[in-house]
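# Close look at the chain arrangement
These are the residues of each chain, in order.
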Amino acid sequence: MSLEKDSRLFSFTWIHSYFDLEPRAATVFSFGKGEALDEEFYKSPRLLRHASHYINMVDRAINLLGPDIEILTDILMELGEQHYKFGVEASYYPPMGQALIKTLEKFLGNDFTPEMKNAWLETYQALAYDMIRSKNRK
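Computed from a predicted model, the values in this text were never measured in an experiment.

## Quick word on a negative patch on the surface
A cluster of acidic residues, Asp68, Glu70, Asp74 and Glu78, forms a negative patch on the protein surface. Within the secondary structure, Glu70 sits in helix 4 (residues 69-85). Judged by its relative accessible area of 53%, Glu70 is exposed.

## A short note on the packing of helix 4 against helix 6 (residues 114-133)
At a minimum axis distance of 7 Å, the contact between helix 4 and helix 6 shows a crossing angle of 55°. Classified by the angle their axes make, helix 4 and helix 6 are oblique. Regarding helix 4 and helix 6, the two cross each other, and that crossing is right-handed. Two secondary-structure elements touch here, helix 4 through Leu72, Thr73, Leu76, Met77, Leu79, Gly80, His83 and Tyr84 and helix 6 through Leu127, Asp130, Met131, Ile132 and Arg133. Here the residues of the contact of helix 4 with helix 6 sort into eight nonpolar, three polar and two charged.

Reading guide: rules and limits
Position numbers for residues start from 1 in each chain and track the written sequence from start to end. Given that this is a predicted model, residues contribute local features only at a pLDDT of at least 70 and side-chain atom pairs are listed and counted only at 80 or more, while totals for whole chains, interfaces and linings are drawn from all residues. Hydrogen atoms and water are omitted, and side-chain values are computed over all heavy atoms in the structure. Patch membership requires over 30% relative accessible area and the absence of a salt bridge. Like charges are linked within 9 Å, and nonpolar side chains (Val, Leu, Ile, Met, Phe, Trp, Tyr) within 5 Å. With residues, only the protein chains shown are counted as cover, and all accessible areas are computed by Shrake-Rupley using a 1.4 Å probe. In the sections that follow, a salt bridge refers to a side-chain nitrogen of Lys or Arg positioned within 4 Å of a carboxyl oxygen of Asp or Glu. Just so you know, the count uses Lys and Arg for positive and Asp and Glu for negative, and it drops His and the chain ends. Positions of charges follow a simple convention, taking NZ of Lys, CZ of Arg, CG of Asp or CD of Glu. The secondary structure listing takes helices from DSSP runs of H or I that are at least 4 residues long and strands from runs of E that are at least 2 residues long, numbered from the N terminus. Exposure classes here rest on a 1.4 Å probe applied to the protein chains alone. A residue is buried below 20% of its type maximum, exposed above 50%, and partly exposed in between. Between N-to-C directions, angles cover 0 to 180 degrees, with each direction set by a line fitted to C-alpha atoms, over the stretch in contact for helices. Here the angle decides the label: under 35 degrees means roughly parallel, over 145 means roughly antiparallel, 65 to 115 means roughly perpendicular, and every other value means oblique. For any pair of crossing helices, the crossing counts as left-handed if the nearer helix is rotated counterclockwise from the farther one by less than a right angle, and right-handed if it is rotated clockwise. The contact criterion used throughout is that any non-hydrogen atoms of two residues lie within 4.5 Å. The residue classification treats Ala, Val, Leu, Ile, Met, Phe, Trp, Tyr, Cys and Pro as nonpolar and Asp, Glu, Lys and Arg as charged. All others, Gly included, are polar.

Here it is in structure tokens:
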């Protein structure tokens, strides 16, 4: 299975896994307020677009690691500020990373080595750290 080829399925699997771990996060979305996390919720085109956007953002962030790290940090800080305005809490980030790892494990199977897992965990934690600390930026 190719992540690139199956990006919609990957995005859907990730968002479902994320809300299984952190159902309160669904209330951040205007279409998720007061709704049950049922099949209809997961079929929402807006939700699926957001999930795809998240996966694309992670991909772009990975590509900015290295010499463009300062640019990436600025982007993540601004993104974090925007997310706090929408009601995203710092506690939402760890399960988001757990869902990403779980989805990578599912899609990559045995190709997702312990070394890859550790690298993804470290990278996600660094990305999330910049978004979380943006709350305290003035």
